[in-house]
Amino acid sequence: MNTSFKVRLFELDHGLTIYENIKLVRIISKDYNLLIMVDYLPIIGEFDGNIDIKGDDVDISFKNIKGFYMNSNNEFNLMINEGNYEL
């Protein structure tokens, strides 16, 4: 049984970064809140707010960013458009 998924993060300054063994992605946008975990339904959207990525070896938070996301087949894709953050 698969209990984790993959996150593909793309942003212009650092390019593509792939994270494995992710347990959850939390999106807190000005319009909605989402908690995405393994086998979450396919979804696509735009956000303006915060994102947390948590896994076995990963704990990353992005604050006050804008971007786009897509989740499908236990692969979460995140494209950061703008914001003040550090990896």
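With a phi angle near 65 degrees, aspartate 39 is a residue other than glycine that sits in the positive phi range. Here aspartate 39 is to be found in the loop between strand E3 (33-36) and strand E4 (43-55). In this model, asparagine 73 sits at a positive phi of 50 degrees, which is unusual for a non-glycine residue. Considering the arrangement of structural elements, one finds asparagine 73 in the loop between strand E5 (59-72) and strand E6 (75-83). With relative accessibility at 73%, the residue asparagine 73 sits in the exposed group.

In terms of nonpolar packing, the biggest core is built from 20 residues, with Val7, Ile22, Val25, Ile27, Ile53, Phe76 and Leu78 touching the most fellow members. Of all elements in the fold, only strand E1 (5-11), strand E2 (15-29), E3, E4, E5 and E6 reach the threshold of two or more residues within this core. When near neighbours in sequence (up to four residues on either side) are disregarded, valine 7 contacts Thr17, Ile18, Tyr19, Ile22, Val25, Ile53 and Phe76.

Conventions adopted
- Residues numbered from 1 in each chain as written.
- Predicted model: local features only at pLDDT ≥ 70, side-chain atom pairs only at ≥ 80, totals over all residues.
- Heavy atoms only, no water.
- Helix = DSSP H or I, 4+ residues; strand = E, 2+ residues; numbered from the N terminus.
- Buried < 20%, exposed > 50% of the residue type's maximum accessible area, 1.4 Å probe, protein only.
- Core = buried A, V, L, I, M, F, W, Y, C linked by side-chain atoms within 4.5 Å.
- Contact = heavy atoms within 4.5 Å.

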